[in-house]
Amino acid sequence: MPLSEKKHKELTEICKDLRKTILKMVNAQASGHPGGSMSACEIAAVLYFAVMNYDPKNPEKPDRDRLVVSKGHATPLVYSILAKAGYFKGDDLLTFRQLGSPYQGHTDRLRVPGVETSTGSLGQGSTFAVGAALGSRLNKFKNRIYLLQSDGELQEGSSWEAIMSAGHYHLGNLTTILDRNRIQLDGWTEETMALEPIGKKFEAFNWHVQEVDGHDLNQLNDAILKTHEIGPKENKPCVIIAHTIKGKGVTFMEDQVKWHGVAPNDEELANALKELV
Amino acid sequence: MGATVVESKEMIATRVAYGKALAELGKTNPNVVVLDADLCGSTQTKFFAKEFPDRFFNMGIAEQNMIGVAAGLSTCGKIPFASSFAMFAAGRAWEFVRNAVCHNKFNVKICATHAGLTVGEDGASHQIIEDLALMRVIPGMTVIVPADATEAKLATFEIAKFVGPVYMRLGRSNVPVLFDEKEYKFEIGKAQVIKPGIDVSIFACGVMVSRALWAQELLQKEGISAEIINVSTIKPLDKETILASVRKTGCAVTCEEHNVIAGLGDAVAGVLSEELPSPLKKIGVMDIFGQSGKGDELLIHYGLSKEKIAEAAKEVIKRKN
């Protein structure tokens, strides 16, 4: 179903809230990864509030739709959206990265409900998602497995092992959304270790490929829904290359390598929050 | 806990016993799924693959993905058994074993074959002598080394019942059948006294258990009574049985087809040095790479022989006073 105007507005507000929470979380301990969290807000919002079937009161429900976040450093986004989706209250989110906090620097499924698997070591979440898709199919579930993957982690060879096996096993129940924000820790992906042509690479591994503006809620929603039809029909895993901007939503953070893994100080936070009203 | 060694001339590789047990397990437990990395003819998962093609996944020559996929399957109510050569399951995929499996406490069984020198002719690139070290240092990992086909079979059934990550080390070469399936009880975390003695404790695992028994016969001829303990669970280590034995004998020898660094020997040494400092000698690979050759030849060449074990036993007995 296309997004109604009302839903679009609701999601837009959610994204604004997510960005505010992300910034406050990383600012609190002056530590964390804001850039790649802010680039994926729309992706996560569409998945949790327009597409996925899940029950936050029963996070282990066997036939739930699952989002596997392979970019495990995007914890500020993961925790803020899981709180919003009702998995927990989240009034303690600002303890992020503090000793004893459930909100670890990289995801830990044993501490936070709704986290499918602990990630952080890049190029692993994708292999887990292939297993979850195979297992769901064995169980004859009608659910879907979504994988949020970063562009930089495609440099890990294991990412391609996973991509190859998903194509080989015709995982029509798997939708990958690639957060193509073009920046990794050391700089632009294409200067660090070129990834293009990404779409052609996925195609060569027998995936169905779409490209969208990763900040356009309608485009994301439509593309994800399309994978629900195409995946099972063509017996292919589907990837949506979502073109995004690292640090999206705050002018001075957008497209800046610096904000991959650096937190804004108090003054920068105040300026950033002014933009997110 | 004790067990009796049987008189048998039968020789079966632990990997073969594992493969057959797995196919049997598939019949009674529909949740068991098996993954392999293009080696099902060698690891012996081929029996399961033939019987249960829908529950068998050949992941190609990609061990990291295999371990990650096993982790994903375990969250769908499945009990994944992932097999490859130990070099690649424990070595190549180590960080996936640590992060994708153990850090998550996922119920994945890694059953790795062709471990140690007795891979033989393939040579050093395939003769992993580091896997026990690599696996036992990961928090929450259970590490098992069956001594013979009977134990490999029983352990396969036991680890399927156990919830949590397990690494099981299996061998390529035929090894003597030591235990009777009807009498032998395998329990995770229990070492077993298989020959009682009073002068020296000899702790062994895997193929070295049979060598330790041969050494016991040599020692007996010289009037020395050696106690042989099969330490088939390297982690969690059965401290009680180890301490009880050394309290009685006062000295220890360890035998493993593994680097003497960070394997069974160091695990036993760790317990003794903390709780019961005693003379100890480690028999194992002396921190060097192997080479091509026949399995039995290699064991002798690298000092993993009954004669060396017996010599070590006499040395620690001397050091007692």
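Residues numbered from 1 in each chain as written. Chains lettered and ligands numbered in written order. Predicted model: local features only at pLDDT ≥ 70, side-chain atom pairs only at ≥ 80, totals over all residues. Heavy atoms only, no water.

## A few points about the overall build of chain A
When you go through chain A residue by residue, the secondary structure sums to ten helices and seven strands. Taken over C-alpha atoms, the radius of gyration comes to 17 Å for chain A, in line with the 19 Å a tight globule of 277 residues would show. By principal-axis analysis of the C-alpha atoms, chain A measures approximately 50 × 45 × 40 Å. Within the structure as shown, chain A displays about 11,100 Å² of accessible surface, and the carbon and sulfur contribution to it stands at 51%. In chain A, the 32 positive side-chain charges and the 35 negative ones have mean positions that sit 5 Å from each other. (Helix = DSSP H or I, 4+ residues; strand = E, 2+ residues; numbered from the N terminus. Rg over C-alpha atoms; globule rule 2.2 N^0.38 Å. Areas by Shrake-Rupley, 256 points an atom, 1.4 Å probe, with all protein chains shown as cover. Lys, Arg positive; Asp, Glu negative; His and termini not counted. Charge placed at Lys NZ, Arg CZ, Asp CG, Glu CD.)

## Overview of the packing of aromatic side chains
Within the structure shown, the criterion is met by 14 aromatic pairs over all chains. With a centroid separation of 5.7 Å and 80° between ring planes, the pair formed by Tyr169(A) and Phe57(B) is classed as edge-to-face. Pair noted here: Tyr169(A) is in the loop between helix 6 (157–168) and strand 3 (174–180) and Phe57(B) is in strand 3 (residues 56–58), and the two residues belong to different chains. Assessed through its relative accessible area of 14%, Tyr169(A) is described here as buried. With a relative accessible area of 5%, Phe57(B) lands in the buried category. Measuring from ring centre to ring centre gives 5.8 Å for Phe252(A) and Trp259(A), while their planes differ by 70°; the resulting arrangement is edge-to-face. (Phe/Tyr/Trp six-rings, centres within 6.5 Å; stacked < 30°, edge-to-face > 60°. Buried < 20%, exposed > 50% of the residue type's maximum accessible area, 1.4 Å probe, protein only.)

## Digging into the nonpolar core
By size, the foremost hydrophobic cluster in this structure holds 77 residues, and its most contacted members are Leu174(A), Phe202(A), Leu35(B), Ile67(B), Met141(B) and Tyr167(B). Mapped onto the domain boundaries, this core takes at least three residues apiece from domain 1 (11–176) and domain 2 (192–320) of chain B. Those residues in contact with Met141(B) that lie beyond four places of it in its chain are Val97(B), Cys102(B), Ile110(B), Met135(B), Pro165(B), Val166(B), Tyr167(B) and Lys235(B). One finds Tyr184(B), Phe186(B), Met208(B) and Ala226(B) within the second-largest nonpolar core, a separate group that totals 61 residues. (Core = buried A, V, L, I, M, F, W, Y, C linked by side-chain atoms within 4.5 Å. Domains from an automatic or database assignment. Contact = heavy atoms within 4.5 Å.)

## What to know about unusual backbone geometry
Peptide bonds are mostly trans, and most non-glycine residues show a negative phi. Look at the link from Glu196(A) to Pro197(A): it is a cis peptide, with omega at 0°. Structurally, Pro197(A) can be placed in the loop between helix 7 (189–192) and helix 8 (198–204). Even without being a glycine, Lys140(A) presents a positive backbone phi close to 60°. The topology assignment puts Lys140(A) in the loop between helix 5 (125–138) and strand 2 (145–150). Given the relative accessible area of 68%, Lys140(A) is considered exposed. Phi is positive for Gln44(B), close to 80°, though the residue is something other than glycine. Within the secondary structure, Gln44(B) is located in the loop between helix 2 (40–43) and helix 3 (46–51).

## Focus on the domain arrangement of chain B
Residues and elements named next belong to chain B. Domain parsing of chain B yields domain 1 (11–176) and domain 2 (192–320). Between domain 1 and domain 2, the C-alpha centre-to-centre distance is 25 Å. Listed per partner, the contact involves 30 residues of domain 1 and 33 residues of domain 2. Surface buried jointly by domain 1 and domain 2 totals about 2,400 Å² across both partners, of which 58% is contributed by carbon and sulfur atoms. When the buried area of domain 1 at its contact with domain 2 is split by residue, Leu117, Ile129 and Arg136 rank highest and sum to 29% of it. (Buried area = accessible area lost by both parts, 1.4 Å probe.)

## Considering the sheet that holds strand 6 (residues 142–144) of chain B
Residue and element names in this part refer to chain B. If you trace the seven strands from one edge of the open sheet to the other, you get 3-2-4-5-7-6-12, paired in mixed fashion. The strands lining the two open edges of the sheet, one partner per strand, are strand 3 and strand 12 (233–235). On average, each strand axis in the sheet is inclined to that of its neighbour by 20°, with strand direction left out of account. Across the sheet, helix 4 (residues 63–74) lies against strand 2 (32–36), strand 3, strand 4 (79–85) and strand 5 (109–113), angled at about 170° from strand 4, the strand it touches most. (Pairing = 2+ DSSP bridges. Axes fitted to C-alpha atoms, helices over the stretch in contact; angles between N-to-C directions.)

## Here's the deal with helix 6 of chain A
Residues and elements named next belong to chain A. The end-to-end C-alpha distance of helix 6, which contains twelve residues, comes to 17 Å, matching closely the 16 Å that a straight helix rising 1.5 Å per residue would cover. Across the twelve residues that make up helix 6, a large majority, nine, are buried. Taken as a whole, helix 6 has its buried residues at Ser158, Ser159, Trp160, Glu161, Ala162, Ile163, Ser165, Ala166 and Gly167. Once helix 6 ends, the next one or two residues include His170, with phi positive near 50°. (Expected span 1.5 Å × (residues − 1).)

## Some details on the pattern of salt bridges
All names here are of chain A. Counted by the stated rule, this structure contains 28 salt bridges over all chains. Between Lys7 and Glu10 there is a salt bridge whose closest N-O contact spans 3.6 Å. With Lys7 and Glu10 both in helix 1 (residues 5–28), this residue pair falls three residues apart, about one helical turn. The exposure class of Lys7 is partly exposed, given its relative accessible area of 22%. Among the charged side chains, a salt-bridge network with shared partners connects Asp151, Arg180, Glu190 and Glu196. (Salt bridge = Lys/Arg side-chain N within 4 Å of Asp/Glu carboxyl O.)

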